[in-house]
Amino acid sequence: MPVSSPSPAVPHQSLAPGGRGDFLLVACQGGAEAALCAGQQQVLPQLTKGVWRRGVVTFRLPAAAAGQPAFDPPDDFFPDLAFARAVIRSLGQVAGATTAERIEKIIALIGSTNWDNVHVWFRDPRSAARAESETDPVAVRAAILTALRRAGVQTMGDDPIARPGDLILDCVIDEGGRWWIGWHRAATPPSCWPGGLYPGALPADKVSRAWLKLDEALATFAVPLAAGERAVELGAAPGGACQRLLEAGLHVTGIDPALVDARVARHPQFEQWRMRARDVRLKNLRGFDWVVADMNIDPKSTLEALGRVVTAPGSRPRGIIATLKLPEWSRAVALPEWLAQFRAWGYAPQARQLSTGGREVCVAAFKTRASRRPRHATRRSDA
Ligand SMILES: C[S@@+](CC[C@H](N)C(=O)[O-])C[C@H]1O[C@@H](n2cnc3c(N)ncnc32)[C@H](O)[C@@H]1O
């Protein structure tokens with residue numbers, strides 16, 4: 001496979017298999033490939049779609065016009081491409097019967113570049129590669145690190161979680177003993193996690209997986225919750241997200257016709273209103289600092305319910321964390337319209353499909369300065 005040698009310090013040039021030019025490899029949730037490409041057409045139309053497999057789409061970078069600098073893609077597409085889980089520059093593929101053989105080819109591919117970290121992840125975590133021998137990402141990573149050190153290449157320590165600014169060697173495990181090799185520069189929180197997959201786990205005492213989903217959202221968007229603040233969740237049962245908010249020291253109101261788990265319901269800083277979001281009286285929607293929404297209803301209905309809370313008289317929440325469920329993947333094309341709705345309410349939205357979520361998008365939106373009123377004024381009008 002003809003590949004160019006990357007420069008010794010930072011790899012600027014990368015060639016896809018066959019040496020056809022610079023390629024980006026973008027990982028997404030299996031099934032989200034078309035939604036990812038629709039977003040790319042809106043946000044980065046200068047990229048051309050290349051090959052794709054479940055969980056990965058490659059894009060060719062545009063050639064530089066005469067006398068013009070080459071298009072330099074951002075380190076990360078966060079938050080512009082909501083369905084991009086990880087973005088790496090392709091260096092090529094390696095294949096071989098054993099891990100040792102493939103690693104030998106990686107060393108030949110990367111030359112003398114020094115790396116701050118190595119990320120090893122599955123192209124599709126649900127693929128058959130999981131069942132193949134020699135594909136445990138932890139073991140593969142350890143073997144790559146050992147080989148790099150033996151070859152005199154400097155790499156950082158044992159923690160696979162990178163720091164912003166780190167130069168990362170990526171190894172994407174595919175089926176049939178084939179690995180895609182590339183690199184990226186860590187920047188945002190998800191780009192510090194191998195494959196953009198949230199490294200947190202669900203502790204046994206949490207009442208639902210929504211605890212982990214909110215945990216990922218808080219880390220992804222750096223949501224500045226403060227103890228003592230008030231939050232309301234629309235679609236609160238059985239209560240994992242409320243549990244996470246309570247652990248952050250917030251006073252939490254859960255709105256849901258279904259019952260919240262007793263472990264959450266008995267918390268002294270929690271109350272439940274057993275009703276649909278649209279049945280809550282407007283005057284009761286004042287005074288919340290954060291609005292969380294996770295209802296299993298159409299995105300349009302979720303936006304209507306959110307709109308009632310954030311535009312209710314005297315209501316000035318600092319931020320919104322909303323899950324917009326996608327009944328079909330094709331609905332994702334409406335994401336720009338949905339985000340425009342958050343802006344119209346005076347919020348700056350960012351969107352991402354969380355790695356712990358399903359067929360849905362998480363939107364975190366913070367009140368913009370221009371539309372923010374002094375908090376004491378808000379409090380007075382609540383009285
Ligand atoms: C995915 S679950 C929410 C999980 C929850 N956030 C947690 O942390 O465990 C969706 C919930 O939305 C609720 N729901 C659906 N429509 C609703 C509405 N109009 N108002 C309030 N809750 C609603 C359902 O009863 C269901 O409990």
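Residues numbered from 1 in each chain as written. Predicted model: local features only at pLDDT ≥ 70, side-chain atom pairs only at ≥ 80, totals over all residues.

Draft legend 1. How the structure looks around the overall build of the chain. Along the backbone of the chain there are nine helices and 14 strands. Buried residues in the chain amount to 45% of all 383 residues. The long-range share in the chain, meaning contacts at least 24 apart out of those at least 6 apart in sequence, stands at 65%. (Helix = DSSP H or I, 4+ residues; strand = E, 2+ residues; numbered from the N terminus. Buried ≥ 20, exposed ≤ 12 C-beta atoms within 10 Å, placed from the backbone. Contact = placed C-beta atoms within 7 Å.)

Draft legend 2. Looking closely at the environment of A84. Checked against the element boundaries, A84 lands in the loop between β3 (56–60) and β4 (86–95). The class for A84 is buried, based on 27 C-beta atoms found within 10 Å. Between the C-alpha atoms of A84 and Q29, which are 55 residues apart in sequence, the distance is 8.3 Å. Apart from residues no more than four positions distant in its own chain, A84 is found in contact with V26, C28, L36 and F77.

Draft legend 3. Expanded view of helix α4 (residues 210–220). Extensive coverage of α4 is indicated by the burial of nine of its 11 residues. Listing the buried residues of α4 in full gives A210, W211, L212, K213, L214, D215, E216, A217 and T220. Where α4 is buried, its residues meet α5 (240–247), β12 (319–325), β13 (347–352) and β14 (360–367). At the C-terminal side of α4, A222 shows a positive phi close to 50 degrees.

Draft legend 4. Structural view of the packing of helix α2 (residues 99–110) against helix α3 (residues 137–150). Running from N to C, α2 and α3 cross one another at 50 degrees; their axes reach a closest spacing of 10 Å. In this view, α2 runs oblique relative to α3, as classed from their interaxial angle. Read as a crossing pair, α2 and α3 show a hand that is right-handed. Of α3, the residues touching α2 (which contributes T99, I103, I106 and I107) are V140, A143, I144 and A147. (Axes fitted to C-alpha atoms, helices over the stretch in contact; angles between N-to-C directions. Parallel < 35°, antiparallel > 145°, perpendicular 65-115°, else oblique. Left-handed = near helix turned anticlockwise from the far one by under 90°.)

Draft legend 5. Representation of the sheet that holds strand β10 (residues 270–273) in the model. The mixed open sheet is built from seven strands, whose spatial order is β10-β9-β8-β11-β12-β14-β13. Here the strands that pair on one side only, and so sit at the sheet edges, are β10 and β13. Going across the sheet, the axis of each strand differs from the next one's by a mean of 15 degrees, ignoring polarity. Where strand β9 (residues 251–255) lies against β10, four bridges are found, and the strand directions are parallel. Looking at the pairing, V252 lines up with F270 of β10. Packing of α5 onto the sheet brings it into contact with β8 (230–234), β9, β10 and β11 (290–293), and relative to β9 it is tilted by some 170 degrees. Helix α8 (residues 335–344) rests against β12, β13 and β14 of the sheet, and its axis sits at about 150 degrees to β13. (Pairing = 2+ DSSP bridges.)

Draft legend 6. Seen up close, the pairing of β9. The element β9 is largely enclosed, with a buried count of five among its five residues. Alignment of β8 against β9, held across five bridges, turns out to be parallel. For E233, the partnering residue across the bridge sits in β9 and is G254.

Draft legend 7. View of the packing of α4 against α5. Where α4 contacts α5, the axes come no closer than 6 Å and their chain directions differ by 50 degrees. It follows that α4 is oblique to α5 by the angle criterion. In terms of crossing hand, the pair formed by α4 and α5 is right-handed. Listed contacts from α5 to A210, W211, L214 and D215 of α4 are G240, A241, Q243 and R244. A per-class count over the contact of α4 with α5 returns four nonpolar, two polar and two charged. (Nonpolar A, V, L, I, M, F, W, Y, C, P; charged D, E, K, R; others polar.)

Draft legend 8. Up close: the sheet that holds strand β7 (residues 178–185). In space, the seven strands of this open sheet follow the order β2-β3-β1-β4-β7-β6-β5, with mixed pairing throughout. Lying at the two open borders of the sheet, with one neighbouring strand each, are β2 (48–53) and β5 (117–122). Looking at each pair of strands side by side, their axes are set apart by 35 degrees on average, direction ignored. Judged from the four bridges that link them, β2 and β3 form a sheet pairing that is antiparallel. Counterpart to K49 in the pairing with β3 is F59. Lying on the sheet, helix α1 (residues 33–43) is in contact with β1 (23–27), β2 and β3; it crosses β3 at an angle near 30 degrees. With respect to the sheet, α3 is in contact with β5 and β6 (167–173), its orientation differing from that of β5 by roughly 150 degrees.

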